Amino acid sequence: MFHFFKPHQLSKIAVLLFLLILVTAGAIPSYLTGHLPWMKPPQVATLKQLRIVRREGLTIPGWERPIPRNIPIGGHKWLVQELKNDSTTVLLLLLTQNDHKDQPQVEWTDLNGFHKWKTDSYRTLNFTVDLTKVIPEKSEKISVSAQFFRSWDQKQTFAVLQWYAQPNGGSATPSIWFWEDRKAQLFNRRVPWVAVSILIPIEPFADIEKARPLATTLGQNVQLALMKEALRF
């Protein structure tokens, strides 16, 4: 039947089959014993640290750290920090996992509704983080695939960077976390997460590509800070 698929589709099918085999093989012992990991999942190991971040915020190298504040958005309390340096002020919004049962859902929709933004110019911004800065003995890099877009209201235009930060990288898509967490539960672990939104002010209706270097650097520093503070298996 595979002659109906194109070569790039076959590679995707192969990956999906591999994941299915991995999940099925790991779940067989649980089915035999009657203990399914997702029926009573293990606890998040760094929940205490996540709650501290939720309360105190992050320290980002090269940026002043004013006292953070919490604002209610979509039924959750987001932490907001105004990061300042000599040339600009950037808004950092964080929603950390606050309970073992919490999972990413509609955070981006909640933010859009709260700010009453108009948005366009959606694209993906990929960046990597060097793990040796967190775990010296690990000489590898992890990848983050964030969404990058322009937003504006009557007062301000922003270049916006958003993703769900995890110990092994990050993505703007909630389903990526879901499958990573399910795989981790097979080994009696959980994948903690933090929703990150960075708002960089730009000239009215300016091209967001001008903000890409700053967005990339900030994304790397925020991911690193979260991994040092709370994102560990």
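In case you missed it, the structure is sitting above this.
Visitor: Please clarify how the packing of aromatic side chains should be interpreted in this entry.
Guide: Centre distance and the angle of the planes are the two values used to describe a pair of aromatic rings. All told, the structure shown has 7 aromatic pairs when counted by the stated rule. An aromatic cluster is built from Trp-108, Tyr-164 and Trp-193, whose rings are joined through pairwise contacts.

Visitor: Help me out: how do you make sense of the nonpolar core in this one?
Guide: Buried together is how nonpolar side chains tend to be arranged in soluble globular proteins. Of all hydrophobic cores here, the largest spans 42 residues; its most connected members are Leu-58, Leu-161, Trp-163, Val-196, Ile-198, Val-222 and Leu-226. Among the secondary structure elements, those contributing two or more residues to this core are helix 2 (47–56), strand 2 (76–84), strand 3 (89–96), strand 4 (118–130), strand 5 (141–152), strand 6 (157–166), strand 8 (194–202) and helix 5 (212–229). Considering every element that reaches this core, the biggest residue donor is helix 5, with 7 residues. For Leu-58, the residues in contact, after removing those within four places along its chain, are Val-53, Arg-65, Gln-81, Leu-92, Leu-94, Val-222, Ala-225, Leu-226 and Glu-229.

Visitor: Sorry, what's going on with unusual backbone geometry here?
Guide: The bulk of non-glycine residues show a negative phi, and the bulk of peptide bonds are trans. The phi dihedral of Asn-188 is positive, around 60 degrees, even though this residue is not glycine. Positionally, Asn-188 belongs in the loop between helix 4 (174–185) and strand 8. In this structure, Phe-205 takes a positive phi of about 60 degrees despite not being glycine. With respect to the helices and strands, Phe-205 occurs in the loop between strand 8 and helix 5. Taking the relative accessible area as the measure of exposure, Phe-205 reaches 49% and is therefore partly exposed.

Visitor: What am I meant to see in the pattern of salt bridges here?
Guide: For side chains of opposite charge, pairing can occur when their charged atoms come near one another. Enumeration over the complete set of coordinates arrives at 8 salt bridges. Between Arg-123 and Glu-209 there is a salt bridge, and its shortest N-O distance comes to 2.7 Å. In this pair, Arg-123 sits in strand 4 while Glu-209 sits in the loop between strand 8 and helix 5, placing the two residues 86 residues apart along the sequence. The closest approach of N and O atoms between Glu-209 and Arg-212, which form a salt bridge, is 2.6 Å. Overall, the relative accessible area of 29% leaves Glu-209 in the partly exposed class. Sharing partners across several salt bridges, the network here consists of Arg-123, Glu-209 and Arg-212.

Reading guide: rules and limits
- Residues numbered from 1 in each chain as written.
- Predicted model: local features only at pLDDT ≥ 70, side-chain atom pairs only at ≥ 80, totals over all residues.
- Heavy atoms only, no water.
- Phe/Tyr/Trp six-rings, centres within 6.5 Å; stacked < 30°, edge-to-face > 60°.
- Core = buried A, V, L, I, M, F, W, Y, C linked by side-chain atoms within 4.5 Å.
- Buried < 20%, exposed > 50% of the residue type's maximum accessible area, 1.4 Å probe, protein only.
- Helix = DSSP H or I, 4+ residues; strand = E, 2+ residues; numbered from the N terminus.
- Contact = heavy atoms within 4.5 Å.
- Salt bridge = Lys/Arg side-chain N within 4 Å of Asp/Glu carboxyl O.

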